[in-house]
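# Observations on chain architecture
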Amino acid sequence: MLSSSRLASLLFLTMLSSACQQKKEEPSRPDPAWNESRSAPETVNSDPDPTLSEWETEVFASATGLQLKEIKDFLRAKITTPPAGTCHPLSGFLMNSLPAGEAFHVQRASNIEGKPMDLSEALQDLRGKFSNDKATMAEIKVVKVDLSGETATTALNVQIADSRLQINARWTAQWTKDDPPALLDLKVTSHEECLRGTGGSLADSTGAVLASFEEKTQVVHGMDHWVGRIETLLGIEIGGWHGLAAADINNDGLDDIYLCDGGGLPNRLFVQQQDGTVIDRSRESGLGLLDHSFGSLFADFDNDGDQDAAIAMASGVLILENDGTGTFSPVTAKSFPSAVPYSLAAADYDEDGDLDLFASCYVQRAGANRHSFVARPLPYHDATNGGRNELLRNEGSLRFRNVTKEAGLHPGNSKFSYSASWEDYDQDGDMDLYVANDFGGNNLYRNALRESGKSTFTDVAAEAGVRDVAAGMSACWGDFDNNGLADLYVGNMFSSAGNRIAFQEKFKSGGKAETRALYQRHARGNSLFQNLGQGRFKDVSVSSGTTMGRWAWSSLFADLDNNGWEDLLVTNGFITQRDPDDL
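## With respect to the pairing of strand β9 (residues 244-247)
Here β9 shows a buried face lined by Ala245 and Ala247 and an unburied face lined by Leu244 and Ala246. Here 4 bridges tie β9 to strand β10 (residues 256-259), and the two strands are oriented antiparallel to one another. The residue of β10 that forms the bridge with Ala246 is Ile257.

If you want it as structure tokens, here you go:
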């Protein structure tokens with residue numbers, strides 16, 4: 001699931017100045033091939049946002065962009081002549097191997113020292129580590145700027161990769177204070193190499209799988225294309241935060257895909273065939289809805305052996321019954337008059353034998369028909385003016401009753417909630433609930449069914465150590481350390497701009513130290529919490545190396561290489577403008 005803009009403070013201003021503006025429509029052109037890379041030409045914004053002029057570090061970070069782009073272009077073989085200059089070695093270090101199974105070989109540099117050398121030679125050596133003497137991806141993010149000395153220093157997050165090798169590094173760059181600044185030195189502070197082993201790899205099969213889909217235009221074009229062509233009153237928005245779900249809707253043993261879309265565009269049901277391709281059964285199934293839809297969930301809500309559908313729409317939640325063949329009929333519509341549901345989570349929290357629903361509602365409804373794209377969180381770092389989440393108890397026959405208040409979920413239930421995940425984290429036999437909230441702290445609702453005989457909830461996030469004040473996007477449970485206890489991973493948002501600004505002395509200089517720390521935490525990225533038992537968790541995000549998820553959304557624990565240990569898969573990204581480095 002996805003997020004709204006962040007206009008409440010300077011913390012993420014450099015990102016949002018791009019993310020919250022609509023692109024100018026490009027001239028129409030033929031639809032690209034399905035598996036063809038379609039990234040837009042990369043440019044660098046040489047005109048810093050004037051609202052940042054008082055932040056010298058932001059102006060300087062922007063000014064370094066042209067030289068950093070030249071380095072990236074050479075690593076990706078977009079230019080043939082490497083930039084000139086001086087640096088320390090960027091590769092060729094003494095490495096230590098880490099246990100990672102057969103799918104990947106991971107090594108970390110044990111000694112990064114070296115004598116000064118020619119920058120062009122160092123970059124050539126670095127590029128030579130990749131197949132065909134070029135990387136397919138090279139990202140360099142400025143995460144810290146120090147202007148206190150005679151020269152300027154920046155800390156850089158670096159990721160360089162092709163289909164075989166990925167390098168994750170931190171560099172320190174030294175610059176002149178000229179306009180534009182000249183690069184004086186590059187030095188590695190940490191270096192890791194991950195080489196694909198014998199465990200196979202994932203291949204992009206989008207074109208082959210969707211070969212028979214005739215209306216490809218709907219999914220080839222971005223939301224900016226459709227927002228300029230569809231009536232706004234239908235609910236379509238530039239954000240494009242629409243989820244997809246996988247379920248076997250016709251009981252043939254194969255998973256099918258349901259894709260939600262913006263108002264005026266039909267939701268799509270792709271039914272898998274024996275050969276792995278899919279056919280579009282949106283209209284025939286009854287699921288080709290034109291309503292603005294955010295997320296969906298398929299589960300057997302009536303215990304008849306097939307997967308029914310629950311869809312989070314701008315107006316509320318719609319429940320549809322599956323007849324067993326993959327044809328759906330609407331049965332229940334739950335209107336949400338005060339908030340807009342973005343995602344759904346199901347569990348039998350009261351242990352009465354049927355699945356109940358929790359709806360995460362991001363924003364309050366602004367007016368009778370639709371909510372606002374830009375929702376201003378107050379206060380920014382721990383907002384309490386978001387949408388009111390709803391717990392729907394399954395009463396049987398696909399009828400649901402709102403029990404949010406009587407279940408004890410109202411305190412702290414007005415945040416910007418994106419998603420929630422059920423798990424019996426304390427192993428007492430009943431299902432507890434974790435809610436990920438944007439712009440502030442999350443909720444961990446402990447179910448008291450075992451202790452009291454009543455399914456009521458208490459928010460214990462703070463005492464359990466998982467409040468995680470940040471840009472909460474998602475949550476997933478898994479046992480990464482194989483100790484039998486459910487650990488928690490929370491998708492947040494890493495912000496280069498936030499890391500540059502929030503740690504400066506003049507940032508909120510008149511505010512409380514605790515508030516500054518919350519803003520700094522907000523920019524850190526994702527969080528991994530190790531379950532210690534007895535209802536307590538330990539934040540192992542930094543030590544485990546799991547904070548960098550970029551602008552993260554949903555995450556998943558899965559043993560991708562079949563070695564008996566769960567790995568983490570993180571989806572990320574968001575809309576951008578002229579300069580893709582703003583994210």
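Picking up where we left off.
## Details of a nonpolar patch on the surface
A grouping of Leu556, Leu560 and Leu569 is seen on the molecular surface, where their side chains present a nonpolar patch of about 290 Å² in accessible area. With respect to the helices, strands and loops of the structure, Leu560 is situated in the loop between β29 (552-558) and β30 (567-572). On the accessibility criterion, Leu560 (54% relative accessible area) is exposed.

## Brief notes about the sheet that holds strand β23 (residues 443-447)
Read across the open sheet, the 4 strands follow the order β21-β22-β23-β24; overall the sheet is antiparallel. The strands lining the two open edges of the sheet, one partner per strand, are β21 (416-423) and β24 (457-459). Neighbour-to-neighbour, the strand axes of this sheet turn through a mean angle of 25 degrees, independent of strand direction. Sheet topology places β21 next to strand β22 (residues 432-438); 7 bridges connect them, and they run antiparallel. Looking at β22, one finds that Ala420 is bridged to Val435.

## Some words on the sheet that holds strand β3 (residues 104-111)
On the basis of which strands lie adjacent, the open sheet formed by 6 strands has the order β2-β3-β8-β7-β6-β5 and antiparallel pairing. Only two strands of the sheet have a single neighbouring strand rather than two, namely β2 (94-98) and β5 (137-146). Taking each pair of neighbouring strands and ignoring which way they run, the sheet shows an average axis angle of 25 degrees. Contacts from helix α3 (residues 65-75) reach β5, β6 (152-161), β7 (165-175) and β8 (183-196), with the element oriented near 155 degrees to β5.

## Notes on the confidence of the model for the protein chain
Do not read the predicted coordinates in detail wherever pLDDT is low. For the protein chain, the mean per-residue pLDDT works out to 86, and 87% of the residues sit at or above 70. Within the model, pLDDT remains below 50 along residues 1-40, and this stretch shows 113 contacts once partners closer than five positions in the same chain are excluded.

Rules behind the numbers
Residues numbered from 1 in each chain as written. Predicted model: local features only at pLDDT ≥ 70, side-chain atom pairs only at ≥ 80, totals over all residues. Heavy atoms only, no water. Buried < 20%, exposed > 50% of the residue type's maximum accessible area, 1.4 Å probe, protein only. Helix = DSSP H or I, 4+ residues; strand = E, 2+ residues; numbered from the N terminus. Pairing = 2+ DSSP bridges. Patch = residues over 30% accessible without salt bridge, like charges linked within 9 Å, V, L, I, M, F, W, Y side chains within 5 Å. Areas by Shrake-Rupley, 256 points an atom, 1.4 Å probe, with all protein chains shown as cover. Salt bridge = Lys/Arg side-chain N within 4 Å of Asp/Glu carboxyl O. Axes fitted to C-alpha atoms, helices over the stretch in contact; angles between N-to-C directions. Contact = heavy atoms within 4.5 Å. pLDDT = per-residue confidence, 0-100.

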